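# Summary of structural features
Listed below are the residues making up each chain.
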Amino acid sequence: MIRFTHASVTYPGGVAALKDLSLDIAEGEFVVVVGLSGAGKSTLIRTVNGLVPLSGGSVEVGSRTVGDLNRSRLRALRADVGMIFQHYNLVNRTTVLNNVLMGRLNRVPGWRSMLGWWGRDEVERAMRALEVVEIVEKAYVRAANLSGGQQQRVGIARALAQEPTVLLADEPVASLDPPTSHTVMRYLHRANRELGITTLVNLHFLDLARQYADRIVGLRAGAVVFDGPASAVDEKVFERIYGRSLTADDVLEAEASL
Amino acid sequence: MTGAQQTRRAADERLRRAVRPEKPFNWFRLVVTVAVVAGFLLATSTVDAHWGRLPEAPAQLWNILGLMIGELALADLPDALASMWESVAIAWLGTMIAAVLSFPLAFLAARNIAGPGTVVVTRQLLNIPRAIPEIIFAVALIPIFGLGPLAGTVAIGLSSTGTIGKLSAEIIEGCERGPIEAADAAGASKPQRVRWAVIPQVMPEIVAFWLYRFEINIRASAVLGVVGAGGIGTMLQQSIEFRQWGQAGMALIVVIVVTIVIDAASGAIRRRIIRGPSS
Amino acid sequence: MSSRQPGLTRPRRPRPSPFAAAGLVGLAAVTVLAGADWEYGIGFSLVEIWDGLTRANAPMRGLADIDLGTLLGSRARSGFLETLQMAVVGTVTGATAALPLALLNSRLGAPNRAGYVAVKLFNNIIRAVPDLLWALLFVAAVGVGVLPGILALFFFSLGVVTKLTSDTIDGIDHGPVEAARAGGASHPQMLRYAVLPQVLPAYTAFSMYCFELNLRASAVLGFVGAGGIGAVIDFYRGQGQWDRVWGVVAGFLVVVIIVERISALVRRRLL
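By the naming in an unreviewed UniProt entry, chain B goes by Phosphonate ABC transporter, permease protein PhnE and is assigned to Phytoactinopolyspora halotolerans. Recorded in UniProt under Sequence similarities (unreviewed entry), the annotation for chain B is "Belongs to the binding-protein-dependent transport system permease family." Quoted verbatim from the Subcellular location (unreviewed entry) field of the UniProt record, the comment on chain B reads "Cell membrane".

An unreviewed UniProt entry annotates chain A as Phosphonate ABC transporter ATP-binding protein of Phytoactinopolyspora halotolerans.

Right under this line is the structure:
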């Protein structure tokens, strides 16, 4: 479903974020990427929908090679790939429904979206996406009036409204408290299991990763240092990824008890 | 995949029966929109504007701009620069008058410094010059000081006093209470509290606003000459009235360039004042 | 307090930076040059100001027996109506045109670097021309009347609202922008859904603020023949009827303060 072939990214200024990375993700998999901040996790995820262009190698999503697409085809690809962000990236000043409808932008004629004339069908799809994350009663509330956990659920609904085949989540729980983190992870898991969406998540907390992932990919300095089932991750693997032993900062539950 | 499809169908079924919230109606937005649109249509249709002349306006303006550039003569430059300098001088001195007048008034208009009675009286006093345009001050001052830059300077000074005073008062009201309390705890008198706890907090922002007002006053002083209160306005008005387009064009260019340059310089100084000295 | 401890040096009071020192000297020099009584100074004198203001003069006498009855006359009434009409038409048209211009005038909205620079330059020029100067130009172009006044207010509003709104756009949260791009939105769609909702309340507030500015400006456009209440003030001034001038100005003051109050209420509700 997603295939990285010798992918590398060098940012202007010479910082190499990804180095000759090759990775294969199958359809329907729930993959969690773990690693220190600065290991290249965010870059990795953003190359899948072309928000960050590759400097070398290639990324394929399904049958499409991201780097070869022209602008409108790239937009069509992005419409098939939902994305969830650490800071939710909602428009605070507008309603939850309008935020979710942003997920439909590529599916309606441009002029109609400019005028804000959403058809009954589009609104229905947005409502359903909100129902998946069980927050439909807030549809006409301003996003600013929601709690962090609720905002992230709206973020998930926006991605689901795209009816994507791939879901990307960039540190989706890093700004949330532990119970809310679990709620959000459960919704992502449900989207993967019930809707069959291939899901790629960046996480900082190892215990969360182990709990929800089918497969864990460890990233260190832009290269894959571990790739295997969640059950195979132990203390030694951890040291390989993080370059040090496990501390309380690396697990969610420990942080909760602080 | 069939298992997933089944769950999906079940989920769809569940969703179909779900209750959707109703779209709330935004009365406020409706009222504002209707008021603006109706006001606009009413004003456009009733105003005695001879709209028939509108279509020729772009061509006429274009024509005038063409003449201005076509007849541009370097010989007019020294005159234009000297007149513009007078406008800048009027704006600068006017702003200084306003700064001096408004500074004590601002403290009297701040709720955290002065008593409620004083605040109400001072605020009303500041409201009056704020609402009256500089030109009206200027026409009233010309019979007193005669035609020339002095009338313009005093006009700018008086009319800016209102805006600067009000905004300075708001800045003073926004300052932190902590240092005032600390000064109080150290046994400071009221003037001492203002001098050592309030003024150091608010001075950068107030000075930055003086400069901002100076930028605005340049635009005002550039047109004061229209009524004879000094500056480049006289040259602009006369050259346009007597259709000496070359001279008008030169004056216009000088006004625009000097305004943009002073805006940029003053803006940089303001940012530096707000940021404070780099250590 | 104990006596000074040996071996400890006290820091010296730092000197002002050369930048600040040169700046202060420069500003003082400008002030002296501008105020002095020479060829290029305006001859600023506090004595003269004091003398002028304390000497008996026509405007002050007029202020003492201000004639508020003037406001009821048909000349003043139609002047006020005209001023309101001009301000409404000028603000609505100018602010409407300013919205797309503000998008182009921001780093986020400009399609490319060259377009950004061109729009920025255009807007700076528009903004550098004072309201009364626009009126002078349009009186020359289309003749005296209300039309040049409306055109002047249009351009004045365009400059003000564009500048304030585009500054707001440069400061918005970029998260939704990234989200819109990640969802496959086109550039116009991104502006419409990620940028516009964030700036719309501020834009409306700026437009209302601009209406207040226009109302004030329209009181002076009449001095160059561009209609409104300014023409009435200029008329009475020409006749030396200062009592009536002040009567009209007082009425104008009340109108401005009422409009300001309403506008402040609506703005508070918006933001």
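## As for the overall build of chain B
The helix and strand tally for chain B stands at eleven helices and zero strands. When the helices and strands of chain B are read in sequence order from the N terminus, they spell out α-α-α-α-α-α-α-α-α-α-α. Taking 279 residues into account, the globule formula puts the C-alpha radius of gyration at 19 Å, and chain B, at 28 Å, lies well above it. Projected onto its principal axes, the C-alpha coordinates of chain B cover approximately 90 × 70 × 45 Å. Burial statistics for chain B: of 279 residues in total, 48% are counted as buried. Of the contacts formed within chain B by residues at least 6 apart in sequence, a portion of 75% connects residues at least 24 apart. Counting every atom, chain B has about 14200 Å² of accessible surface; 65% of that belongs to carbon and sulfur. Measuring between centres, the 24 positive side-chain charges of chain B sit 14 Å from its 19 negative side-chain charges.

## What to know about the overall build of chain A
Check the secondary structure of chain A and you find ten helices and ten strands. Here chain A has a C-alpha radius of gyration of 18 Å; the compact-globule value for 258 residues is 18 Å, and the two agree. If you line up chain A on its principal axes, its C-alpha atoms span 55 × 45 × 35 Å. Within chain A, the proportion of its 258 residues that are buried is 54%. Residue pairs in contact within chain A that sit at least 24 positions apart in sequence constitute 68% of those at least 6 positions apart.

## Considerations on the packing of aromatic side chains
Scanning all chains against the criterion turns up 14 aromatic pairs over all chains. When the centroid spacing of 6.5 Å and the interplanar angle of 85 degrees are considered together, the rings of Trp111 of chain A and Trp117 of chain A count as edge-to-face. The exposed category is assigned to Trp111 of chain A, whose relative accessible area is 53%. Consider the rings of Trp118 of chain A and Tyr193 of chain C, whose centres lie 5.6 Å apart with planes at 65 degrees: the pair is edge-to-face. Here the residue Trp118 of chain A occupies a position in the loop between α4 (110-115) and α5 (120-132), and Tyr193 of chain C occupies one in helix α9 (residues 187-217), the pair thus bridging two chains.

## So, the pattern of salt bridges
Within the structure shown, the criterion is met by 32 salt bridges over all chains. Close ionic contact of Glu173 of chain B with Arg123 of chain B constitutes a salt bridge, the shortest N to O distance being 3.0 Å. Note that Glu173 of chain B is positioned in helix α7 (residues 149-173) and Arg123 of chain B in helix α5 (residues 116-131), a separation of 50 residues in sequence. Overlapping salt bridges, with partners in common, bring together Arg104, Asp121, Glu122, Arg125 and Glu163 of chain A in one network.

## Some remarks on the interface of chain B and chain C
Counting residues at the interface gives 63 residues for chain B, matched by 65 residues for chain C. Buried area between chain B and chain C, both sides added, is near 5600 Å², and the carbon and sulfur share of it is 80%. Area buried by chain B at its contact with chain C is led by Phe28, Trp85 and Ile144 of chain B, which between them contribute 11% of it. Applying the counting criterion to the chain B and chain C interface returns nine residue pairs in polar contact (both at pLDDT 80 or more). Broken down by element, the residue count for the side of chain B that touches chain C peaks at nine residues, all from helix α4 (residues 77-108) of chain B. Across the side of chain B that touches chain C, the residue classes tally to 46 nonpolar, nine polar and eight charged.

## Observations concerning the side chain of Glu122 of chain A
Residues and elements named next belong to chain A. Mapped onto the fold, Glu122 is located in helix α5. Side-chain polar atoms of Glu122 contact the side chain of Arg104, separated by 2.7 Å. Those residues within four positions of Glu122 in sequence are excluded, and the remaining contacts are Leu101, Arg104, Val108 and Arg112.

## Points about unusual backbone geometry
All names here are of chain A. In this structure, Asp20 takes a positive phi of about 45 degrees despite not being glycine. Of note, Asp20 is situated in strand β2 (residues 16-25). For Glu171, which is not a glycine, the phi torsion comes out positive at approximately 50 degrees. Following the sequence through the fold, Glu171 ends up in the loop between β7 (166-170) and α7 (178-195). You can call Glu171 buried: its relative accessible area is 13%.

## Describing the UniProt feature "transmembrane region" (unreviewed entry) in chain B
UniProt feature "transmembrane region" (unreviewed entry): in the numbering of this structure it lies at residues 27-47, 59-77, 89-110, 135-158, 216-236 and 248-269 of chain B. Helix makes up 68% of residues 59-77 of chain B and strand 0%, whereas the separation of the span's terminal C-alpha atoms amounts to 27 Å.

## Quick notes on the sheet that holds strand β9 (residues 215-220) of chain A
Residues and elements named next belong to chain A. Pairing is mixed across the open sheet formed by six strands, whose spatial order is β6-β7-β8-β3-β9-β10. Single-partner strands in this sheet number two, and they are β6 (81-84) and β10 (223-229). Averaged over all pairs of adjacent strands, the angle between their axes in this sheet comes to 15 degrees, without regard to strand direction. When strand β3 (residues 30-34) meets β9, the two strands line up parallel, connected through four bridges. Bridging from a neighbouring strand, Val33 pairs with Val217 of β9. With respect to the sheet, helix α1 (residues 41-48) is in contact with β3, β6, β7, β8 (198-203) and β9, its orientation differing from that of β8 by roughly 155 degrees.

## Focus: the packing of α4 of chain B against α7 of chain B
Residues and elements named next belong to chain B. Here α4 crosses α7 at 40 degrees, and the two axes come no closer than 6 Å. Between α4 and α7, the interaxial angle falls into the category oblique. Handedness of the α4/α7 crossing: right-handed. Within the contact of α4 with α7, the residues separate by chemical class into 15 nonpolar, ten polar and one charged.

## Side note on the confidence of the model for chain B
In low-pLDDT segments, the atomic positions of the prediction should not be examined closely. Looking at chain B as a whole, its pLDDT mean stands at 88, while 92% of the residues score no less than 70. Here helix α1 (residues 2-16) of chain B stands out as the element of chain B with the lowest mean pLDDT, 61, in contrast to α4 of chain B, whose mean of 95 is the highest.

Cut-offs and rules
- Residues numbered from 1 in each chain as written.
- Chains lettered and ligands numbered in written order.
- Predicted model: local features only at pLDDT ≥ 70, side-chain atom pairs only at ≥ 80, totals over all residues.
- Heavy atoms only, no water.
- UniProt positions renumbered as here; feature names shortened; annotations may be inferred.
- Helix = DSSP H or I, 4+ residues; strand = E, 2+ residues; numbered from the N terminus.
- Rg over C-alpha atoms; globule rule 2.2 N^0.38 Å.
- Buried < 20%, exposed > 50% of the residue type's maximum accessible area, 1.4 Å probe, protein only.
- Contact = heavy atoms within 4.5 Å.
- Areas by Shrake-Rupley, 256 points an atom, 1.4 Å probe, with all protein chains shown as cover.
- Lys, Arg positive; Asp, Glu negative; His and termini not counted.
- Charge placed at Lys NZ, Arg CZ, Asp CG, Glu CD.
- Phe/Tyr/Trp six-rings, centres within 6.5 Å; stacked < 30°, edge-to-face > 60°.
- Salt bridge = Lys/Arg side-chain N within 4 Å of Asp/Glu carboxyl O.
- Buried area = accessible area lost by both parts, 1.4 Å probe.
- Polar contact = N/O pair within 3.5 Å; in protein donor to acceptor, adjacent residues only side chain to side chain.
- Nonpolar A, V, L, I, M, F, W, Y, C, P; charged D, E, K, R; others polar.
- Pairing = 2+ DSSP bridges.
- Axes fitted to C-alpha atoms, helices over the stretch in contact; angles between N-to-C directions.
- Parallel < 35°, antiparallel > 145°, perpendicular 65-115°, else oblique.
- Left-handed = near helix turned anticlockwise from the far one by under 90°.
- pLDDT = per-residue confidence, 0-100.

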